[in-house]
Amino acid sequence: MGFSSSYGLEEYTTFGEGYNVWPNTHAGTRKESPPMKLNPAFVDRVVAYLSQVPLVVRHRISDIELHEDGCRFTAEITEEDLNPFHSVDGGIYAFLLDNVTGFATFCRYPADYGTSTLDLQATYARPFKTGKVVCEAHIIKAGRSVCMVRGDVEDEDGTVLAYATSNLFVGRGLQLMDDAVKAAGFPALPDKFIDDEC
């Protein structure tokens, strides 16, 4: 689903001189630019990079899916994630929610823009012991300087265990995925957006 059609917030979508991803118009004009779509090769390479980040590995995050409107991944809760009362520690929920809401922004903005968490307002709905959880986040509002995201942690039956809203600062040159990938020794990423010929 396209951003402008689902939210109607075109004023929040101009990023820099002549670069507009949603909707497809040049900055400051109504002139149509070539339709752009997210490059699947970019997404695949980002997922490959994220899957080997030590913090992601240590917390057993897997099955990462990224798209323009959000993110989904699974995580495994083990005995080492439990508090003294033998249920998952709230800090683990917060960690998962911070990551899923942060990952949710990776495919929304132009390649020279990044995001950083400003706040995370989490609610812990139910205790959980051990096993697989599903973490999912969707962008509520993608603004020029702040992106608002809603995230959920659910058990495999779809019961909500914790949820949060997060506001992320958006800035040019801020925590760029290209820089992170290069610093880890990976080859440069392909173009983030490509012409949509369809």
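Computed from a predicted model, the values in this text were never measured in an experiment.

A. How the structure looks around unusual backbone geometry. For Arg60, which is not glycine, the phi torsion reads 55° and is therefore positive. Position of Arg60 relative to the elements: it lies in the loop between α3 (54-58) and β2 (61-67). A relative accessible area of 22% places Arg60 in the partly exposed class. With phi around 65°, His86 is a residue other than glycine that occupies positive phi space.

B. Focus on the nonpolar core. Residues Leu66, Phe73, Leu96, Val133 and Val153 are the most contacted members of the largest nonpolar core, which totals 47 residues. With residues up to four places along the chain from it excluded, the contact list for Phe73 reads Ile61, Ser62, Asp63, Ile64, Leu96, Asn99, Val100, Phe103, Val133, Val134 and Cys135.

C. Inspection of the pairing of strand β6 (residues 146-155) at higher detail. Of the strand pairs in this sheet, strand β5 (residues 131-142) and β6 are connected by nine bridges, and their pairing is antiparallel. Counterpart to Ile139 in the pairing with β6 is Val149. Linking β5 back to β6 in an antiparallel pair, the connection comprises three residues. Bridging between β6 and strand β7 (residues 160-172) involves nine bridges; their strand directions are antiparallel. Counted as the bridge partner of Met148 is Asn167 from β7.

D. The arrangement of the pattern of salt bridges in detail. Across all of its chains, the model carries six salt bridges by this definition. Among the salt bridges present, the one from Arg60 reaches Glu80, with a minimum N-O distance of 3.3 Å. Taken together, the residues span a long stretch of sequence, with Arg60 in the loop between α3 and β2 and Glu80 in the loop between β3 (70-77) and α4 (90-103) at a distance of 20 residues. Take Glu80: its relative accessible area is 62%, and that puts it in the exposed class. With a closest N to O distance of 2.4 Å, Arg108 and Asp69 form a salt bridge. Of this pair, Arg108 sits in the loop between α4 and β4 (113-124) while Asp69 sits in the loop between β2 and β3, and the two are 39 residues apart along the sequence.

E. Structural context of the confidence of the model for the protein. Scored by pLDDT, the protein has a mean of 86; 81% of the residues are at 70 or more. Within the model, the stretch residues 1-32 combines pLDDT values under 50 with 64 contacts to residues more than four positions away or in other chains.

What counts, and at which threshold
Residues numbered from 1 in each chain as written. Predicted model: local features only at pLDDT ≥ 70, side-chain atom pairs only at ≥ 80, totals over all residues. Heavy atoms only, no water. Helix = DSSP H or I, 4+ residues; strand = E, 2+ residues; numbered from the N terminus. Buried < 20%, exposed > 50% of the residue type's maximum accessible area, 1.4 Å probe, protein only. Core = buried A, V, L, I, M, F, W, Y, C linked by side-chain atoms within 4.5 Å. Contact = heavy atoms within 4.5 Å. Pairing = 2+ DSSP bridges. Salt bridge = Lys/Arg side-chain N within 4 Å of Asp/Glu carboxyl O. pLDDT = per-residue confidence, 0-100.

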